[in-house]
Amino acid sequence: MIRKVGIIAAALSLALSGASAMAKVSDADANKLGNELTPLGAMKAGNADGSIPEWTGGITSAPAGYTVGDHHPDPYPEDKVLFEITAQNYKEYADFLSEGQKKLFEAYPETFRMPVYPTRRSASNPQAIYDATKVNATSAELLDGGNGIKGAVLGIPFPIPQNGLEAIWNHILRYRGEAVQRNGGQAAVTTGGDYNVIGFDEQLLIKYAEEGATPEKLTDENVLFMFKQKVTKPARLAGTALLVHETVDQVKEPRKAWTYNTGQRRVRLAPNIAYDTPGTAADGLRTTDDFDMFNGSPNRYNWKLVGKKEMFVAYNNYALHSDNAKYDDILKPNHVNPDLTRWEKHRVWEVEATLKDGFRHIYQKRVFFIDEDSWQIQVADMYDNRGELYRVGVAYGVNYYEVPTQWSTLDVYHDLNSRRYLAIGLDNEEEMYDFTVRPRDVEFTPQALRREGMR
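Cut-offs used in this document
Residues numbered from 1 in each chain as written. Predicted model: local features only at pLDDT ≥ 70, side-chain atom pairs only at ≥ 80, totals over all residues. Heavy atoms only, no water. Core = buried A, V, L, I, M, F, W, Y, C linked by side-chain atoms within 4.5 Å. Buried < 20%, exposed > 50% of the residue type's maximum accessible area, 1.4 Å probe, protein only. Helix = DSSP H or I, 4+ residues; strand = E, 2+ residues; numbered from the N terminus. Contact = heavy atoms within 4.5 Å. Salt bridge = Lys/Arg side-chain N within 4 Å of Asp/Glu carboxyl O. Polar contact = N/O pair within 3.5 Å; in protein donor to acceptor, adjacent residues only side chain to side chain. Phe/Tyr/Trp six-rings, centres within 6.5 Å; stacked < 30°, edge-to-face > 60°. Lys NZ or Arg CZ within 6 Å of the ring centre and 35° of its normal.

Asker: Residues and numbers for the nonpolar core, please.
Answerer: Ranked by size, the top nonpolar core spans 73 residues in total, and within it Ile 149, Trp 303, Phe 368 and Ile 370 carry the most contacts. The element best represented in this core is helix α5 (residues 164-172), accounting for 5 residues. Sequence-distant contacts of Trp 303, that is, excluding residues within four places in its chain, are made with Gly 164, Leu 165, Ile 168, Phe 294, Pro 298, Val 351, Glu 352, Ala 353 and Phe 368. The next biggest cluster of nonpolar side chains, apart from the first, holds 43 residues, and it includes Tyr 90, Tyr 396, Tyr 421 and Ala 423.

Asker: For the pattern of salt bridges, give the residues involved together with the corresponding values.
Answerer: Considering all chains together, one arrives at 28 salt bridges under this definition. Among the salt bridges present, the one from Arg 113 reaches Asp 339, with a minimum N-O distance of 2.5 Å. Linking Arg 113 in the loop between α3 (99-107) and β2 (114-116) with Asp 339 in the loop between α8 (327-330) and β12 (343-355), this pair joins segments that are 226 residues apart in sequence. What emerges from the salt-bridge pattern is a single network uniting Arg 121, Lys 308, Arg 347, Glu 372 and Asp 373.

Asker: So, unusual backbone geometry: which residues are in play, and what are the values?
Answerer: That bond from Lys 233 to Pro 234 is cis: its omega, 0°, falls within 30 degrees of zero. When you line up the elements, Pro 234 lands in the loop between β7 (225-233) and β8 (241-246). Between Val 403 and Pro 404 the backbone carries a cis peptide bond, its omega angle lying at -10°. In this fold, Pro 404 is placed in the loop between β15 (389-400) and β16 (405-415). Its identity is not glycine, yet Asp 283 carries a phi of approximately 60°, on the positive side. Assignment of secondary structure puts Asp 283 in the loop between β10 (266-269) and β11 (301-314). The phi angle at Arg 419 is positive, at roughly 60°, despite the residue not being glycine. Here Arg 419 shows up in the loop between β16 and β17 (420-426). Looking at Arg 419, the relative accessible area reads 36%, which means it is partly exposed.

Asker: Explain α5 to me, using residue names and the numbers behind them.
Answerer: Extensive coverage of α5 is indicated by the burial of 9 of its 9 residues. Every buried residue belonging to α5 is among Gly 164, Leu 165, Glu 166, Ala 167, Ile 168, Trp 169, Asn 170, His 171 and Ile 172, and all of these are buried. Buried positions along α5 lie against β3 (141-142), β4 (149-150), β11, β12, β13 (365-371) and β14 (377-383). The N-cap of α5, judged by a side-chain oxygen 3.2 Å from the amide nitrogen of Leu 165 a few residues on, is Asn 163.

Asker: Account for the environment of Glu 352, with residues named and values stated.
Answerer: Within the secondary structure layout, Glu 352 lies in strand β12. Glu 352 sits 21 residues away from Leu 331 along the chain, and the two C-alpha atoms are 30 Å apart. Excluding anything up to four places from it in sequence, Glu 352 contacts Asn 302, Trp 303, Lys 304, Val 306, Lys 365, Arg 366 and Val 367.

Asker: An account of the packing of aromatic side chains is requested, with residue identities and associated values reported.
Answerer: Per the counting criterion, the structure on display carries 23 aromatic pairs. Both rings, one in Phe 294 and one in Trp 303, keep their centres 5.4 Å apart while their planes meet at 75°; by these two values the pair is edge-to-face. The burial state of Phe 294 is the same as that of Trp 303; both residues are buried. Grouping aromatic residues by their ring pairs yields a cluster made of Phe 83, Tyr 93, Phe 96 and Phe 312. One Lys or Arg, Arg 300, reaches over the ring of Tyr 275 and ends 3.6 Å from the middle of that ring.

Below is the structure:
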């Protein structure tokens, strides 16, 4: 998927050679990447008891019989459940669970469980991403208190993070291809298990990762990525559309957003599509910055890099991803069907965000657990302004091995107060993501948004 790897790496080295004097990571530390560290900065070695194996490159080829466009078959079909964590025994595993995960066992003691499988460190990216990450390591910088970046492109900007802001930017800028077309939807599930699927057509154009991107070009254009979303069902919402331009320097120019309303047949600027504004058609079960576990400006929080820990996270969830599973099979009362989930022990970075004085948000504190191999947020614990656990987000990951990229197949947000949940990314009954699309910038304009909404 990434072309001209050598040319890109050479261009990166040339473009960033003048920034190394300001780098926070030394050349000696950067040289650990691809040696004792993986190319993205994880510990290559396994853990002491062998329950986490050594990273040996992740998935580097698709299983036999796979064709691009298929729902991805499980590359580990012979793996068996090692044991299950339940409400009856979860305290034995408390050191490897987040507070939010523990709360799910307490809230749903009869049904919530974690089938634990052998750990497969399946995360992988193209070589060009690894090459770019090594260059970024000695060149990337945070802007204006962390509200933007410079000196990085294509790869992970801070593979050896020095603080929580660097770690969260790694999640925001992790590789997900150059562009992707997604067809699918979301469902807000009631306590009794009822739901309606809201269908979406989405396009994501990642300027940070597109061919020919340079740090200078990103700075000049000040666009990290462009996102367009159109509601396809139900009929009463069909045609409603959203366009977002995410900026590189968010102090210089905040996120731009526009909405198209079918009733008014007008495109409007939407400066409030950020922070804790309720998510699109989410029935009040997530905020705008909950999308993708966290997105947008980090400026309302103080960020702390707590450290690294071993944790049970949802990984290699190909059964949950399969087109053999129907939405009725997946969406059950209180949580998704545990029989379709797979949990593994992995190392994660723990990052704590606490609301700054003078700022408002419905979450006073958020704790993120970020996979060391991919920089994907696996679990997010959200606390309200009383300091009580409010919501728990879980990303059920797979490797889209035709790219390759580690990403979630389903993001689930549990509201502990209403005892409801929101599932985003339902695509089992839809066409699979298309990472081969190469949309043009002109397709991400307000005029294009209006045309999309009227179709």
